[in-house]
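Here is what each chain is made of, one letter per residue.
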Amino acid sequence: MCYSETVCFVEVIATFVLSRIRMTRTVYFLMFIVSITIFGRVCLATSLKGTQKKPNIKSNVGDHVPVGKTVRLTCSFEDYDKQTIEISWKIVPNYLPVEINKTISMGNQTRSSSDSTLVTRDLMIENTTMAHKRTYRCEVFDGENNTYYHNFKLHVRESADNFILLSTTHNRSTINRWPDKNGEITPIEIFIQYKSYPSNVTYKWFKHYAGRIDKNDAAVYKQEKTDDYIKLTILKPKAYNTDIYGVEAQAGTAKAMYNMSVFVYDKPALKMDNIKANEGDIVTFQCTAVAYPSPSLSSKFQPCKEVPLGNCSNLYTTEAEWHTPTEDFPSTYWSVAKFMLEACGPGIVYCKAENSEGNAMIQSYLLIEDVSDLMVLEIVEPKGTITVGDNVTFVCSVFIIPDFVDVTFEQNGKNLQGVVIQNDSKMRKTQLTLFNVDLNHTGDIFCNVTYHDNMRPNDARLVHMEVIEPIAPYLSSGDINQTLIVDALKPITLECDVSGTPEPKINWFKEGEPFVQNKSNSSSTSIGIEYAIPTNSGLYECIAANKIGNITLTRNVIVRMPGSK
């Protein structure tokens, strides 16, 4: 009999050697193969036997139930040897067989038809009382006089109300995580164990500062639930994952919440934008640091010699001093510091952050140039004439924008609020749409810009809007319907002289199909064919349309061949 893979291998080799002494090469080679096969199977069976000797107990309602419920405990055992198995239920600590009565019954022992190695037996407890609160033991006796067991502790509550209990190992409430020697931070797993009735539990994860965690955010978090615990995994922890994580679980009408504080220690990561300004402006550089613990910030300004600024490679030799922020806004895992200075010339602003995990530094440029003309107000829709009923869209663009600026629109002394459609370190674009304009909207539209921290004078731009009545397309000259007879190889010119407000859009068709003329002497209002051929014959249509209506002109072209009448 094999007791381990090593022993099996020794027995195989021994058998092979003994066979070799007495047999020919061919015979002992065959014996070697047979020995490996036989002993391999025996070892595999023995290995499987040794891995599944403990029975398993499952409850249909968990291990915490209220008085009056029905509990079904199922004991299962993997019998790989297909032996004679006997499963019994007992009570701990006296190990006496479970007493069968009106409330407790035991099912028949069964062997699964789909998997003949699985043997099961149920214990049913109906209308539970406090007397049923005890530890039940499943014992398995096999044909080799071996006994295996598993215990299950059933908790019975006097109240029939729903309940849910949340806990962690040793009542843990804090997780601290640092980068490893490679600077990487391993995933953080938050295990919350639960006991409940009913056993079906729903849950939601929250962050104290950010709110609910979306289950679809699979790139950042992984959420799982088993019969015993609720788990949240932070896949790639960073300092900004430092927060209080809470899980709200519900079982029936019962609710419970458990909080876990997570601290991800890391050195600072910095962000700061360049600023362009007029000379003499007061500018504010904002340096944002993400780190835990929250870092301290300082800055310095190093003037440049180049004007206007290139890459600021030619610095003044005098070393600038580090200064504390003009304003500082620390938080749990980030800090924002503002540094104000007068733009007397170009230079580099340095921001330095330090905490217990390390330090970091970033630099941004102060650019000096004339920004007085870097503001534009334009009508982007519709292009061209504006008529009654149109929706008119204006866009006000402000370039080289400092912190804290207000952009508003004005018409006839009335302020109109736009929508910001772009806002970054280079430009802010604000959009205003006037719907269904009429003749009273004719006049000037202003875009007003108010600067705050930079102490620059307010600025404004205007654009004039003229609203007129629309006019349906009409024929300016010529006839609506014409027939043209043209000799072969002679030029053909088809005119579509149509007017309207707004200007009509013109499309040409030939025999009902769109007609596109690629000749350079053609336009939307005319078709020019330099040399007529028979295939140019046919019915041409010009359809002109605008928002009010449309008009159709027809031109029946007949190309006459030489000698024909």
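Keep in mind that what you see is a predicted model, and the values were worked out from it rather than measured. (Residues numbered from 1 in each chain as written. Predicted model: local features only at pLDDT ≥ 70, side-chain atom pairs only at ≥ 80, totals over all residues. Heavy atoms only, no water.)

A.B. asks: I keep staring at the overall build of the protein and nothing clicks. Help me out?
C.D. replies: The number of helices and strands found in the protein is two helices and 47 strands. The 565 residues of the protein split such that 38% are buried. The long-range fraction of contacts in the protein, counting pairs at least 24 apart against all pairs at least 6 apart in sequence, stands at 65%. Total accessible area computed for the protein in this model is approximately 32000 Å², and 51% of it derives from carbon and sulfur atoms. (Helix = DSSP H or I, 4+ residues; strand = E, 2+ residues; numbered from the N terminus. Buried < 20%, exposed > 50% of the residue type's maximum accessible area, 1.4 Å probe, protein only. Contact = heavy atoms within 4.5 Å. Areas by Shrake-Rupley, 256 points an atom, 1.4 Å probe, with all protein chains shown as cover.)

A.B. asks: What's the story with a positive patch on the surface in this structure? I'm lost.
C.D. replies: A grouping of Lys-204, Arg-212, Lys-215, Lys-225 and Lys-255 is seen on the molecular surface, where their side chains present a positively charged patch. Counting through the fold element by element, Lys-225 comes out in strand S17 (residues 221-225). On the accessibility criterion, Lys-225 (36% relative accessible area) is partly exposed. (Patch = residues over 30% accessible without salt bridge, like charges linked within 9 Å, V, L, I, M, F, W, Y side chains within 5 Å. Salt bridge = Lys/Arg side-chain N within 4 Å of Asp/Glu carboxyl O. Lys, Arg positive; Asp, Glu negative; His and termini not counted. Charge placed at Lys NZ, Arg CZ, Asp CG, Glu CD.)

A.B. asks: I'm lost on the pattern of salt bridges in this one. Help?
C.D. replies: Once the charged atoms of two side chains with opposite charge are near each other, the side chains can pair. Using the criterion set out here, one finds nine salt bridges in the structure. A salt bridge links Lys-231 to Glu-224; its shortest N-O distance comes to 3.6 Å. Judged by relative accessible area, which is 26%, Glu-224 ranks as partly exposed. Linking Asp-487 and Arg-560 is a salt bridge whose minimum nitrogen-to-oxygen distance equals 2.9 Å. Of the two residues, Asp-487 is situated in strand S40 (residues 481-487) and Arg-560 in strand S47 (residues 550-560); the sequence distance between them amounts to 73 residues. With relative accessibility at 34%, the residue Asp-487 sits in the partly exposed group. Ionic contacts of the salt-bridge type, sharing partners, join the residues Lys-90, Arg-137 and Glu-139 into one network.

A.B. asks: Would you mind showing me how to read the environment of Arg-555 here?
C.D. replies: Assignment of secondary structure puts Arg-555 in strand S47. Taking relative accessible area as the criterion, Arg-555 reaches 4% and is therefore assigned buried. Taking the C-alpha atoms as reference points, Arg-555 and Lys-510, 45 residues apart in sequence, are found 9.5 Å from one another. Beyond its immediate sequence surroundings of up to four residues, Arg-555 is in contact with Asp-479, Ile-480, Asn-481, Gln-482, Leu-484, Leu-494, Glu-495, Gly-538, Leu-539 and Tyr-540. For Arg-555, the side chain forms a polar contact with the main-chain oxygen of Asp-479, separated by 2.9 Å. Of note is the side chain of Arg-555, whose polar atom sits 3.0 Å from the side chain of Gln-482. (Polar contact = N/O pair within 3.5 Å; in protein donor to acceptor, adjacent residues only side chain to side chain.)

A.B. asks: Where do I start with the sheet that holds strand S26 (residues 334-342) in this structure?
C.D. replies: Sheet strands pair via backbone hydrogen bonds, and the direction of the pair is either parallel or antiparallel. Here we have four strands laid out as an open sheet, ordered S21-S23-S26-S25, and antiparallel in their pairing. Whereas interior strands pair on both sides, the edge strands pair on one side only; in this sheet they are strand S21 (266-271) and strand S25 (327-330). Neighbour-to-neighbour, the strand axes of the sheet open up by a mean angle of 20°, direction not taken into account. Here nine bridges tie strand S23 (residues 282-292) to S26, and the two strands are oriented antiparallel to one another. Each bridged residue has a counterpart across the sheet, and for Val-283 the counterpart in S26 is Leu-341. (Pairing = 2+ DSSP bridges. Axes fitted to C-alpha atoms, helices over the stretch in contact; angles between N-to-C directions.)

A.B. asks: Is there a simple way to think about the nonpolar core in this case?
C.D. replies: One recurring pattern in soluble globular proteins is that nonpolar side chains are buried together. Ranked by size, the top nonpolar core spans 26 residues in total, and within it Leu-166, Ile-190, Trp-205 and Val-262 carry the most contacts. Take this core: its biggest share by element is six residues, from strand S20 (residues 254-264). The residues touching Val-262, leaving out its near neighbours within four places in the chain, are Ile-175, Ile-188, Ile-190, Ile-234, Asn-241, Thr-242, Asp-243 and Tyr-245. Core analysis: the next-biggest nonpolar cluster, separate from the first, contains 23 residues, Phe-77, Trp-89, Val-119 and Tyr-136 among them. (Core = buried A, V, L, I, M, F, W, Y, C linked by side-chain atoms within 4.5 Å.)

A.B. asks: Just checking my understanding: could you explain unusual backbone geometry for this structure?
C.D. replies: A cis amide bond, omega 20°, links Val-92 with the succeeding residue Pro-93. Each neighbour pair has its own omega, and for Thr-501 with Pro-502 the value is -5°, a cis peptide bond. Of note in the backbone geometry, Asn-145 takes a positive phi value of approximately 65° without being a glycine. Positive phi is not limited to glycine here, since Asn-436 has a value of about 50°. Within the fold, Asn-436 resides in the loop between strand S35 (427-434) and strand S36 (443-451). Residue classification places Asn-436 among the exposed positions, given a relative accessible area of 54%.

A.B. asks: Honestly, the sheet that holds S17 in this entry has me stumped. Any pointers?
C.D. replies: Taken in spatial order, the four strands line up as S12-S14-S18-S17 in an open sheet, and their pairing is antiparallel. The sheet terminates laterally at strand S12 (163-167) and S17, the two strands that pair on one side only. Neighbour to neighbour, the strand axes of the sheet diverge by 20° on average, direction disregarded. Examined bridge by bridge, S17 and strand S18 (residues 229-234) share five bridges and lie antiparallel to one another. Bridge assignment links Lys-225 to a residue of S18, and that residue is Ile-230.

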